[in-house]
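# Descriptive analysis of the structure
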Amino acid sequence: MPPTLITLVRHAEGHHNVNEQYHLRDPYLTDLGTQQCLTLPSRFPPTPPISLLVTSPLKRTIQTTILGFPSPIACGVPVLALPELQETSDLPCDTGSDAGILAADPMLKTTSAGGKVNIDFSGLEEGWTSKMGKWASGVEALKERAVWVRRWLKGREEDHVVCVLHGGFLHYLTEDWTG
């Protein structure tokens, strides 16, 4: 049975969002972005409880996930990095880092409550950062990726899935071009 609730969360403010610094490769959150994450727990109803956290594997989305959802992580809710949720452009700021770099990054290992995080990076196949083929920034590739994500989500058995992703890809995923 598909999830009862799927919640889509756009990442908090990243360094690339300030003064259009799109040349920065896979940037972290700003101090304001970190503060924005700390408000996330108060925005979620207690039921149904979060049963899966899925994040785009870019640093700012991983940080939003681990800083914004410390209680579910402390309770053992899995955190899964899903490369299909990555951002739409091929700019450096929207190009991810290899799985080994992410797994070793001390900024991506601790929640805002000080708890340890175990992120599942096993789905990061070789070439996911290439921005070529299914990872390309072209409209057709993005539409296909959005269809894949919708099917993947529909096939999940968890009750409440939270996906932390990017504003550009949210438009493709929801097919909402006005918000």
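Our subject is the structure that appears above.
Fair warning: this is a prediction, and the values are worked out from it, not measured in the lab. (Residues numbered from 1 in each chain as written. Predicted model: local features only at pLDDT ≥ 70, side-chain atom pairs only at ≥ 80, totals over all residues. Heavy atoms only, no water.)

## Regarding the overall build of the chain
What counts here: Every helix listed is a DSSP run of H or I at least four residues long, and every strand listed is a run of E at least two residues long, numbered separately from the N terminus. Residue burial is assigned from relative accessible area. The probe radius is 1.4 Å, only protein chains are included, and a residue is buried under 20% of its type maximum, exposed over 50%, and partly exposed in between.
A count of helical and extended segments in the chain gives 6 helices and 5 strands. Across its three principal axes, the chain shows a C-alpha extent of roughly 40 × 35 × 35 Å. Scored against the burial criterion, the 179 residues of the chain give a buried share of 49%.

## Some words on the pattern of salt bridges
Note the threshold: Salt-bridge detection follows one rule: a side-chain nitrogen of Lys or Arg within 4 Å of a carboxyl oxygen of Asp or Glu.
Following the criterion strictly, the structure yields 5 salt bridges and no others. E84 is the partner of K134 in a salt bridge, and the nearest nitrogen-oxygen pair spans 3.9 Å. Residue K134 is located in the loop between β4 (119–120) and α5 (139–154), and its partner E84 is located in the loop between β3 (79–81) and α4 (99–104); the two are separated by 50 residues in the primary sequence. In this structure K134 comes out as partly exposed when scored by relative accessible area, which is 45%.

## Considering the packing of aromatic side chains
We count it as follows: For Phe, Tyr and Trp, where Trp contributes only its six-membered ring, two rings pair if their centres lie within 6.5 Å, and the inter-plane angle classes them as stacked under 30 degrees, edge-to-face over 60, or tilted in between.
Following the criterion strictly, the structure yields 3 aromatic pairs and no others. Ring centres of F44 and F69 lie 5.1 Å apart, and the angle between their planes is 80°; this geometry places the pair in the edge-to-face category. Of the two residues, F44 sits in the loop between α1 (31–38) and β2 (52–55) while F69 sits in the loop between α2 (59–68) and α3 (70–74), which places them 25 residues apart along the sequence. Take F44 and F69: they sit in the same class, and that class is buried. With a centroid separation of 6.3 Å and 15° between ring planes, the pair formed by W148 and W152 is classed as stacked. Taken together, the positions of W148 and W152, both in helix α5 and 4 residues apart, correspond to about one turn of that helix. Residue W148 is classed as partly exposed on the basis of its relative accessible area of 36%. Judged by relative accessible area, which is 17%, W152 ranks as buried.

## Quick word on the packing of α1 against α2
Packed helices, taken two at a time, are described by the angle between their axes plus the distance between the axes. Quick reminder of the rule: Here the axes come from fitting lines to C-alpha atoms, over the contacting stretch only for helices, and the angles between their N-to-C directions go from 0 to 180 degrees. For this classification, under 35 degrees means roughly parallel, over 145 means roughly antiparallel, 65 to 115 means roughly perpendicular, and everything else is oblique. Two helices cross in a left-handed way if the nearer one is turned anticlockwise from the farther one by less than a right angle. They cross in a right-handed way if the turn is clockwise. Two residues qualify as a contact provided that any one of their heavy atoms is within 4.5 Å of a heavy atom in the partner residue. We call Asp, Glu, Lys and Arg charged. Ala, Val, Leu, Ile, Met, Phe, Trp, Tyr, Cys and Pro are nonpolar, and the rest, Gly among them, are polar.
Orientation of α1 relative to α2, taken along the N-to-C sense of each, is 40°, at an axis distance of 8 Å. Put simply, α1 runs oblique to α2. Seen along the crossing, α1 lies across α2 with a hand that is right-handed. Contact residues: α1 offers T34, C37 and L38, while α2 offers Q63, T64, L67 and G68. Of the residues in the contact of α1 with α2, the class split is 3 nonpolar, 4 polar and no charged.

By themselves these figures say nothing about function.
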